[in-house]
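Residue-level listing of the chains:
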Amino acid sequence: MAKPSIDLSLYLVTGRELLPPNKDYYESLEEALQGGVTVVQVREKTADTGEFLDIASKTSSICAKYGVPLIINDRVDIALAVNAAGVHIGQSDMPVSVTRRLLPSDCIIGKSVSDVEEAKVALEEGVDYVGIGAIWATTSKKLVRPVVGVRGVGEILEVFLGSDIKTVGIGGLKSTTVLRTLHGATTPCGTRTLDGVAVVSDIVASPNPRGSAELLSKLIRAFYSRPSPNFAFPFSAAHQSYTEDDIKSRAAGLLKTLKAIKPLVHQITNTVVATQSANITLALGASPIMATAPQEMEDLSKIPGALLVNIGTIANKDGMLVAGRHANLNRKPIVFDPVGVGATSFRRAAADELLNSWQATVIKGNAAEIGTLAKTAEVQSKGVDSVGSGFSDPVAIVKALARKERCVVVMTGPQDYISDGHTTIRLSNGDPMLADITGSGCIVGTVVASFCGISSISAQKRLSAQRAAGQTDTDHKAGLLVDGNMLIASVAGVLAITVASELAVERPEVRGTGTFLPALIDAIYGLTPEDVASRAKVEIIR
Ligand SMILES: Cc1ncc(COP(=O)(O)OP(=O)(O)O)c(N)n1
Ligand SMILES: Cc1nc(C(=O)O)sc1CCOP(=O)(O)O
């Protein structure tokens, strides 16, 4: 008998012990179903058989009222007794082969996996779906394995490429983490994302389970309705086709808008460049705030603009973690500058923790930094600098990292490479003296963040206008972590610095790096959209 196809998108796993005081389990369940839960698993870890059977049977009747399938955790006998749609088994439960023998052929079998090896076994066993977790830390269950992390899910999903085994993520999935999870938990080729998320506490512990389920459901449906489903970027405008002239004029146009709107650019940066970065931001026409205390991150994240996180002298990791999470929640672009990430294992661990906690919109680094994140040793670092002549195939490196991290990657150097994993652009502006002042890479991060901020603000304004005009095809935007074209914003940011550096060295007073730096600030201050459009050397590589 053919198995029914189950919508796993919002998968409620029950947990009576988490109910708020005075909230009845069945009432909570029914409200969650009204809110849009698509499948329910009864999970009872302490109930005896009689109680489990009673709960499963009543849960089954309520689910049937809403046409929602029921799965039973661990217990094949209970699943058979209540005629459930399926069973969910863990690594130490009954083997899949035995479970299958006991159940009717149309019964769904789901299995927990937390690494690639377990995923391969589940593939061999031919389960119907896997629960991948725990993706985030959770207090709903004592975990015996380390968390998988959002960025660890992609390699597990790769095991299921080409198979019709479905996948759901579990562990710490909430309205605050769901979009970041769905965007980040994707195979590098972009063809597989999770088919759903399994949630316990965000619904069960809520005094308003209907509202909680509705919010989750809205975000999940918006994510799955994005226009480029095979390429789950956290920002809009992936898969556009560009011309070089179009890129130049859009970058120039962004500079004009930036000067008019002066976006706020929140920068958590290193002590070497903080003042310089703030001055460059002001010279460009944006507005810097260099706040670092974790306590102020939530408030700051509500002001439109962008966030820059630069780990050059990493003393504020807590602030960086909180700031990034709030930026994701408030759809603010995050530019991550992994300064010197190859230099120490401390920096590598910090970069990993930050990138697991929030979704970066742009990662900007020199060849050694990008190589470290891409896990290649072709280009070595010396402290915060890159050694040697760069990668033999820089395009492949930036493209692969953009796909892996699901963001735009900017690799600076004598030529700059910028990729969103689909389109890769080479920029050939810039004076060599840029490499001889401290923090030139950091100010590129600052300026890229400024342009990401203005791109996001402009996109939000367009969206408000579209909604005010009654345009209804914008619902998928609720599934984006960031709106705006972050590829063009990154190009504009790099061009602003590199074109300004060319203008700076043409000034008669520049005799060396001491006179170059103030001239650079002046050149940024006076930079016009026409300078950018006429001087930009832009090539679309592939
Ligand atoms: C959808 C989903 N995924 C994973 C689990 C965890 O199941 P298991 O490993 O059997 O652990 P317990 O739930 O039995 O503690 C799940 N229940 N559902
Ligand atoms: C039941 C369960 N299984 C997990 C796994 O990792 O296999 S994590 C988990 C609990 C998930 O609860 P919450 O949504 O409240 O974080």
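As annotated in an unreviewed UniProt entry, the chain carries the name Thiamine phosphate synthase/TenI domain-containing protein and comes from Botryobasidium botryosum. Annotation of the chain in UniProt includes, under Cofactor (unreviewed entry), the sentence "Mg(2+)". The UniProt entry for the chain carries the following comment under Function (unreviewed entry): "Condenses 4-methyl-5-(beta-hydroxyethyl)thiazole monophosphate (THZ-P) and 2-methyl-4-amino-5-hydroxymethyl pyrimidine pyrophosphate (HMP-PP) to form thiamine monophosphate (TMP)."

S.K.: Any chance you could break down the packing of helix H11 (residues 274-284) against helix H17 (residues 440-468) for me, citing the residues and the numbers?
M.R.: Two elements in contact, H11 and H17, have axes separated by 9 Å at closest approach and are oriented at 40°. Relative to H17, the element H11 is oriented oblique. Here H11 and H17 pass one another in a crossing that is right-handed. Taken together, the residues of H17 that come into contact with H11 (itself represented by Gln 276, Ser 277, Ile 280, Thr 281 and Leu 284) are Cys 442, Ile 443, Thr 446, Val 447 and Ser 450. Split into classes, the residues belonging to the contact of H11 with H17 amount to five nonpolar, five polar and no charged.

S.K.: So what's going on with the sheet that holds strand E10 (residues 287-289)? Which residues, and what values?
M.R.: In space, the nine strands of this open sheet follow the order E10-E9-E11-E12-E13-E16-E17-E18-E19, with mixed pairing throughout. With partners counted over all chains shown, the strands left at the sheet margins are E10 and strand E19 (538-540), one partner each. Recorded for the sheet is a direction-independent mean angle of 20° between the axes of neighbouring strands. When strand E16 (residues 408-412) meets strand E17 (residues 416-419), the two strands line up antiparallel, connected through three bridges. Residue Met 411 lies in a different strand from E17, and its bridge partner there is Tyr 417.

S.K.: How would you sum up unusual backbone geometry? Please name residues and give values.
M.R.: Most peptide bonds are trans, and most residues other than glycine sit at a negative phi. Between Gly 133 and Ala 134 the backbone carries a cis peptide bond, its omega angle lying at 0°. Even without being glycine, Arg 331 reaches a positive phi, approximately 60°. Note on placement: Arg 331 falls in the loop between helix H13 (317-329) and strand E12 (334-337). The class of Arg 331 is buried, set by 22 C-beta atoms lying within 10 Å.

Cut-offs used in this document
- Residues numbered from 1 in each chain as written.
- Chains lettered and ligands numbered in written order.
- Predicted model: local features only at pLDDT ≥ 70, side-chain atom pairs only at ≥ 80, totals over all residues.
- UniProt positions renumbered as here; feature names shortened; annotations may be inferred.
- Axes fitted to C-alpha atoms, helices over the stretch in contact; angles between N-to-C directions.
- Helix = DSSP H or I, 4+ residues; strand = E, 2+ residues; numbered from the N terminus.
- Parallel < 35°, antiparallel > 145°, perpendicular 65-115°, else oblique.
- Left-handed = near helix turned anticlockwise from the far one by under 90°.
- Contact = placed C-beta atoms within 7 Å.
- Nonpolar A, V, L, I, M, F, W, Y, C, P; charged D, E, K, R; others polar.
- Pairing = 2+ DSSP bridges.
- Buried ≥ 20, exposed ≤ 12 C-beta atoms within 10 Å, placed from the backbone.

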